Amino acid sequence: MGEAEVHADEEPSDPAPGGVSAGAPGDEHFMAAALEEAAGALGHDDVPIGAVLVRDGAIVARARNERELAQDPTAHAEIIVLRRASEELRTRRLEGSTLYVTLEPCAMCAGALLLARVDRLVYGASDPRAGAAFSLYNIPQDPRLNHFVEIEPGVMAEDSAVLLNGFFERRRAVSDGGSG
């Protein structure tokens, strides 16, 4: 993710008909858990993005961005949580699950949701520069692909945006030598 402002108030650009869910009981509870994970990424100077994977009403796995910590460009919260959930459940197919993530997934992560057969994606802030679940692309609902992911955007978007924008403001202040 670049150093762009993240927007909580932007509407998804062109959702597929019937592809956006009406929300579900517990979405805010599980998004709050993802936000806790995101805050933990600040401890190792990673972009504060967190994710939890839920199946049958219980959290199966949790993760936060670890790109800086691991020096791995693929160590996005979504990728890590899918790996952990697959290990925990002993399957690569995560049907019946919902992924909660604090920022709209990028193209890599949106593709991984399809490969893992996640049923539902719930995200906080939209990402107008790299979002691949409405903002720039809609990979999870592309009719040319062999899986369809139900999407619920904007859950606790303001909380997610505040955390992300604060991180980038602090980073810019440090790179500017504290001026500004």
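What counts and what doesn't
- Residues numbered from 1 in each chain as written.
- Predicted model: local features only at pLDDT ≥ 70, side-chain atom pairs only at ≥ 80, totals over all residues.
- Heavy atoms only, no water.
- Salt bridge = Lys/Arg side-chain N within 4 Å of Asp/Glu carboxyl O.
- Helix = DSSP H or I, 4+ residues; strand = E, 2+ residues; numbered from the N terminus.
- Buried < 20%, exposed > 50% of the residue type's maximum accessible area, 1.4 Å probe, protein only.
- Contact = heavy atoms within 4.5 Å.
- Pairing = 2+ DSSP bridges.
- Axes fitted to C-alpha atoms, helices over the stretch in contact; angles between N-to-C directions.
- Expected span 1.5 Å × (residues − 1).

Participant: Quick question: what am I supposed to make of the pattern of salt bridges here?
Facilitator: Opposite charge on two side chains makes pairing possible when the charged atoms of those side chains draw close. Applying the stated criterion across every chain yields a total of eight salt bridges. With a shortest N-O distance of 3.2 Å, Glu37 and Arg64 are connected by a salt bridge. In this pair, Glu37 sits in helix 1 (residues 27-41) while Arg64 sits in strand 2 (residues 58-64), placing the two residues 27 residues apart along the sequence. Judged by relative accessible area, Glu37 falls into the buried class, the value being 11%.

Participant: What is the right way to read the environment of Glu95 from this model?
Facilitator: Relative to the elements of secondary structure, Glu95 occurs in the loop between helix 3 (77-89) and strand 3 (97-103). The exposure class of Glu95 is partly exposed, given its relative accessible area of 35%. Measuring from C-alpha to C-alpha, the distance between Glu95 and Ala116 comes to 7.6 Å, with 21 residues separating the pair along the chain. When near neighbours in sequence (up to four residues on either side) are disregarded, Glu95 contacts Arg55, Ala116, Arg117 and Asp119.

Participant: Just checking my understanding: could you explain the sheet that holds strand 3 for this structure?
Facilitator: Working definition: the strands of a sheet are paired by backbone hydrogen bonds and lie parallel or antiparallel to each other. Sheet architecture is open: five strands sit in the order 2-1-3-4-5, paired in mixed fashion. Of all strands in the sheet, those with a lone pairing partner are strand 2 and strand 5 (150-152), marking the two edges. In this sheet, adjacent strand axes meet at a mean angle of 20° when their direction is disregarded. Where strand 3 meets strand 4 (residues 120-125), five bridges bridge the pair, whose relative direction is parallel. Within strand 4, the residue paired with Val101 across the bridge is Tyr123.

Participant: Just checking my understanding: could you explain helix 3 for this structure?
Facilitator: Since the α-helix advances by 3.6 residues per turn, residues separated by three or four positions end up pointing in the same direction. Given a rise of 1.5 Å per residue, 13 residues ought to cover 18 Å, and the 18 Å separating the end C-alpha atoms of helix 3 matches this to within 8%. Contact partners of the buried residues in helix 3: strand 1 (50-55), strand 2, strand 3 and helix 4 (107-116). Downstream of helix 3 by one or two residues, Arg90 has phi in the positive range, about 55°.

Participant: Where do I start with helix 4 in this structure?
Facilitator: When helix 4 is considered as a whole, its buried residues turn out to be Cys109, Ala110, Ala112, Leu113, Leu114 and Ala116. The inward-facing, buried residues of helix 4 abut helix 3, strand 3 and strand 4. Residue Arg117 follows helix 4 closely and has a positive phi angle near 65°.

By themselves these figures say nothing about function.
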